[in-house]
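# Coordinates in review
Listed here are the chains, written in short residue letters.
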Amino acid sequence: MAAYVIRRLWQMIPTLLGVVLLVFFLFKYFGSDPSIILGGMNATPEQIASIRQQLGLDKPVWEQLLIFLKQIVTFDWGKSWATQEPVSALFASRMPATLTVTVPILILEVLLAIPFAMAVATVRGSLTDRAVMVCTTVAVSISLLVYVILAQYLFAFRLGWFPVQGWTKSFWVNLTTYAPLPILVVVAVGLAPQLRLYRSFFLDELGHDYVRTARAKGLSERTVLLKHVLRNALIPILTNVAVLLPGVFVGSFLIEVFFSIPGLGREILLAVNRGDYPVIQAFAIYLAALTMTVNLIVDLLYILVDPRVVFK
């Protein structure tokens, strides 16, 4: 397995390098001129030239690329153009708020979707199964904004169970007071498609011969489902979680805006609106690295789920 891990790590290097080159040239040739963004519409040509010199935009492209690669390796992205805050410090200060929301969302979606999907799969074709499928189809068809408006109106304004907005420096206060409502909204949105997908995984396993053999041997339905069906279905479920994690991370951006959570997502959206390239570039590279790392970890988890998996 060590050889497999080393080989995967080596494969990640050219992939990440390709992402770096794509990000660099996209912002270099397809984005707005940073000197004009910083100088404003009323800036003189002399001021524009001075800004370009300060940012190193007057240097050859290959030299700018080397500077960009150095920033990635040293984790020194300079300062945000809008706030003059170091980008690394900005990420460090905003990330806790984002993780406070995204981690519970991911855990709850997986832990709730698996048992619900298994329960629905075992009664395939029944009235319960059809009712659940209709409800999930309707839930998937509703916009996230509708969930946000209804949740804020019902649980915050009418019932007063949760505050609509707010955030503190205390992790536990945030997790128990300000985060539950946005977490509830996102889980309600994400649970429906995950339930439908996991149901298909369980139905596929229930149709295999080993399930009929286990039942013929007299094993209880609980043992068949938990020891055999669930374990075999965890392979595609883990694969889906690897795909789901970056999506949950990016999807939290709108939630942070709707609920005024001072997280990284809201900061990225603000950076996009004001053309804050250092922040956007850093996020794009970090997200690519996170996605590749998660995929590697999930591949290694396959061994724990199914000992038959062998890495060569």
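Note that the coordinates shown come from a computational prediction; the quantities given were computed from them, not determined experimentally.

### Digging into the overall build of the protein chain
Along its length, the protein chain carries 13 helices and zero strands. Listed N to C, the secondary structure of the protein chain is α-α-α-α-α-α-α-α-α-α-α-α-α in terms of helices and strands. Its C-alpha atoms give the protein chain principal-axis dimensions of roughly 85 × 60 × 35 Å. By the burial criterion, 38% of the 312 residues in the protein chain qualify as buried. Considering only contacts within the protein chain whose residues lie at least 6 apart along the sequence, 73% involve residues at least 24 apart. Carbon together with sulfur atoms contributes 68% to the accessible area of the protein chain, which is approximately 17,300 Å² in total. Taking the average place of the 24 positive charges on the side chains of the protein chain and the average place of its 17 negative ones, the gap between the two points comes to 9 Å.

### Description of a nonpolar patch on the surface
Together, Leu17, Leu21, Leu22, Phe25, Leu26, Tyr29 and Phe30 make up an exposed nonpolar region whose accessible area comes to about 710 Å². Within the secondary structure layout, Leu22 lies in helix α1 (residues 2–29).

### A word on the packing of aromatic side chains
Scanning the model with the defined rule gives six aromatic pairs in all. Centre to centre, the rings of Phe24 and Phe25 are 5.1 Å apart; their planes meet at 80 degrees, and the pair counts as edge-to-face. Phe24 gets classed as buried once you look at its relative accessible area, which sits at 7%. With relative accessibility at 32%, the residue Phe25 sits in the partly exposed group.

### A word on the environment of Val120
Inspection of the secondary structure puts Val120 in helix α5 (residues 87–122). Residues Val120 and Arg199, 79 residues apart in the sequence, show an inter-C-alpha distance of 6.9 Å. Filtering out sequence-adjacent residues up to four positions away, Val120 remains in contact with Asp129, Val132, Met133, Leu195 and Arg199.

### Regarding the side chain of Gln194
Mapping Gln194 onto the fold places it in helix α9 (residues 180–206). Beyond its immediate stretch of four places on either side in the chain, Gln194 contacts Glu109, Ala113, Asn240 and Leu244.

### Quick word on the side chain of Thr136
One can find Thr136 in helix α6 (residues 127–141). Assessed through its relative accessible area of 7%, Thr136 is described here as buried. From its side chain, Thr136 meets the backbone oxygen of Met133 in a polar contact 2.8 Å long.

### Section: unusual backbone geometry
One non-glycine residue, Ser260, adopts positive backbone phi at about 55 degrees. Mapped onto the secondary structure, Ser260 falls in the loop between α11 (221–258) and α12 (264–273).

### Overview of the pattern of salt bridges
Under the counting rule described, the total for this entry stands at four salt bridges. A salt bridge links Glu267 to Arg94; the nearest nitrogen and oxygen atoms lie 3.2 Å apart. One end of the pair, Glu267, is in helix α12; the other, Arg94, is in helix α5, and 173 residues separate them in sequence. The exposure class assigned to Glu267 is buried, which follows from its relative accessible area of 8%. For Asp129, the salt bridge identified is with Arg199, shortest N-O distance 2.9 Å.

### Comments concerning the packing of helix α7 (residues 144–158) against α9
Each pair of packed helices can be described by the angle between their axes along with the distance between the axes. Between α7 and α9, the shortest axis-to-axis distance is 10 Å and the interhelical angle comes to 140 degrees. Our classification of the angle between α7 and α9 gives oblique. Note that α7 runs across α9; the crossing there is right-handed. Residues Leu144, Tyr147, Val148, Ala151, Gln152, Phe155 and Ala156 of α7 form the contact with α9, whose own contacting residues are Leu181, Leu184, Val185, Ala188 and Val189. Tallied by class, the residues present in the contact of α7 with α9 amount to 11 nonpolar, one polar and no charged.

### Considerations on the environment of Gln11
Within the secondary structure, Gln11 sits in helix α1. With 98 residues separating them along the chain, Gln11 and Glu109 place their C-alpha atoms 31 Å apart.

### Considerations on the packing of helix α8 (residues 171–178) against α9
The N-to-C vectors of α8 and α9 enclose an angle of 55 degrees; their axes lie 5 Å apart at closest approach. Between α8 and α9, the crossing angle belongs to the class labelled oblique. Residue-level inspection shows Asn174, Leu175, Thr176, Thr177 and Tyr178 of α8 in contact with α9, the latter providing Pro180, Leu181 and Pro182. Its residues assigned to classes, the contact of α8 with α9 comprises five nonpolar, three polar and no charged.

The rules behind the values
- Residues numbered from 1 in each chain as written.
- Predicted model: local features only at pLDDT ≥ 70, side-chain atom pairs only at ≥ 80, totals over all residues.
- Heavy atoms only, no water.
- Helix = DSSP H or I, 4+ residues; strand = E, 2+ residues; numbered from the N terminus.
- Buried < 20%, exposed > 50% of the residue type's maximum accessible area, 1.4 Å probe, protein only.
- Contact = heavy atoms within 4.5 Å.
- Areas by Shrake-Rupley, 256 points an atom, 1.4 Å probe, with all protein chains shown as cover.
- Lys, Arg positive; Asp, Glu negative; His and termini not counted.
- Charge placed at Lys NZ, Arg CZ, Asp CG, Glu CD.
- Patch = residues over 30% accessible without salt bridge, like charges linked within 9 Å, V, L, I, M, F, W, Y side chains within 5 Å.
- Salt bridge = Lys/Arg side-chain N within 4 Å of Asp/Glu carboxyl O.
- Phe/Tyr/Trp six-rings, centres within 6.5 Å; stacked < 30°, edge-to-face > 60°.
- Polar contact = N/O pair within 3.5 Å; in protein donor to acceptor, adjacent residues only side chain to side chain.
- Axes fitted to C-alpha atoms, helices over the stretch in contact; angles between N-to-C directions.
- Parallel < 35°, antiparallel > 145°, perpendicular 65-115°, else oblique.
- Left-handed = near helix turned anticlockwise from the far one by under 90°.
- Nonpolar A, V, L, I, M, F, W, Y, C, P; charged D, E, K, R; others polar.

Everything listed is a geometric property; what it means functionally is a separate question.
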